[in-house]
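What follows is the residue order along each chain.
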Amino acid sequence: MKIPDYPSFRPLDLCDKSVLDRAFHADPPENSEYTFTNLYSWRSAYGLGISALGDLIILAPEKNGVKEYYPPIGRGDIKNTLKRILYDSGSRFIRVPERIKNIAMQDSNIRSEDDRDNYDYLYLADDLINLKGRKYDGKRNFIKTFRSRYSYEYIQLTEADVPEVLRFQDIWCVEKGCGQSKSLQDESEAVRVMLSFISLFSLKAGALRVDAKICAVCIAEALNPETLVIHALKGASGMTGIYQTMFNEFLEREAVAYRYVNMEQDLGIPGLRKSKESYHPLDFVRKFSLSLSG
């Protein structure tokens, strides 16, 4: 299915994977949004459309009839593409990494706004694998507690395990109250899509079994040659240390080939921010929104 030329858009489709994968390979992304896995899995929640402008790919989430734009993908005339879309649409670009923000700011009519809630958390993989030093005492204690209470098995997930993991996801969703939360419903649907295409998307996924039942899951993939991005980390309720143990067991197996781990954003949710800060990030992938002055 052909990608329409800007200003026309069509919904993002599975057939767009090869085009986007090539673009990300040519210009490896820093921001966690830019894997085909994330874009496709969240496409319905965000109303994500795709278009082509010259050598660049344009993605546009749309909600309640209001269209915004993600930063252009690929190698091309970024500066003039940003200007054209901003002047054409009167809208804004969102989730813009610092490198592209700096290009845009060469035009005095464009202003930027910090988007702290969508900063990605960036860690040294070695720190999260080894948990050395006093600052990780709490994490090691949680893992020690879990291991003392439960006999568990780590498994690397394959397509054959997906039905069992989906049953765990359904239970998790009930425990967390997905029925009363649109954001949790959207997240649950995104995870279901990821699991349904676990092989096609080349995902790294692991789980813990206790008493022959899956009680925790972690899903990730390569964001760029140096960075592993974590898409989902889930654990059963009432099991102290389940999240810390799942994460550590997973990273010991899957993060050794990477320098960094990207744990995505906290969306301004206080509990999520506290959790991600507790792992002591090395830095952030800072993001901004861009619009016309005035």
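Look up: the structure comes first, before these words.
All values reported here derive from a predicted model rather than from experimental measurement.

Caption draft 1: Structural view of the sheet that holds strand β15 (residues 287–292). With respect to topology, three strands assemble into an open sheet ordered β6-β15-β7, the strand pairing being antiparallel. Every other strand in the sheet has two partners, leaving β6 (93–97) and β7 (110–114) as the edge strands with one partner each. For this sheet, the mean inter-axis angle between neighbouring strands, taken without regard to orientation, is 40°. Sheet analysis places β6 next to β15, joined by three bridges and oriented antiparallel. Within the sheet, the bridge partner assigned to Pro-97 lies in β15 and is Lys-287. Of the strands in this sheet, β6, β7 and β15 are in contact with helix α4 (residues 78–89), which crosses β15 at around 55°.

Caption draft 2: Quick peek at the state of the cysteines. Using the criterion set out here, one finds one disulfide in the structure. A sulfur-sulfur distance of 2.0 Å marks the disulfide that ties Cys-173 to Cys-178. With the S-S dihedral at roughly -110°, the linkage between Cys-173 and Cys-178 falls on the left-handed side. The closest cysteine sulfur to the non-disulfide-bonded Cys-215 is located on Cys-218, 13 Å from its own sulfur.

Caption draft 3: Layout of empty space enclosed by the protein. For the structure shown, the criterion picks out two cavities of 30 Å³ or more. In this structure, the largest cavity encloses a volume near 130 Å³. Lining the largest cavity we find 16 residues, and of these Asp-27, Tyr-34, Pro-72, Arg-99 and Ile-100 sit closest to its centre. When residues of the lining of the largest cavity are traced back to their parent elements, those giving at least two are α1 (17–26) and α5 (98–104). Residue composition of the lining of the largest cavity, grouped by class: 11 nonpolar, two polar and three charged. Of the volumes computed, that of the second largest cavity is approximately 50 Å³. Lining the second largest cavity we find Val-165, Phe-168, Gln-169, Val-191, Leu-195, Val-217, Ile-219, Ala-232, Leu-233 and Lys-234. Listed by contribution, the elements that provide at least two residues to the lining of the second largest cavity are α8 (162–176), α9 (182–196), β11 (213–224) and β12 (227–235). Looking at the lining of the second largest cavity, its residues break down into eight nonpolar, one polar and one charged.

What counts and how
- Residues numbered from 1 in each chain as written.
- Predicted model: local features only at pLDDT ≥ 70, side-chain atom pairs only at ≥ 80, totals over all residues.
- Heavy atoms only, no water.
- Pairing = 2+ DSSP bridges.
- Helix = DSSP H or I, 4+ residues; strand = E, 2+ residues; numbered from the N terminus.
- Axes fitted to C-alpha atoms, helices over the stretch in contact; angles between N-to-C directions.
- Contact = heavy atoms within 4.5 Å.
- Disulfide = S-S within 2.5 Å.
- 1 Å grid on protein atoms, 1.4 Å probe; cavity = no way out; pocket = protein on both sides within 12 Å on 5 of 7 lines; lining within 4 Å.
- Points joined across faces, edges and corners; volume = space filled by probe spheres on them.
- Nonpolar A, V, L, I, M, F, W, Y, C, P; charged D, E, K, R; others polar.

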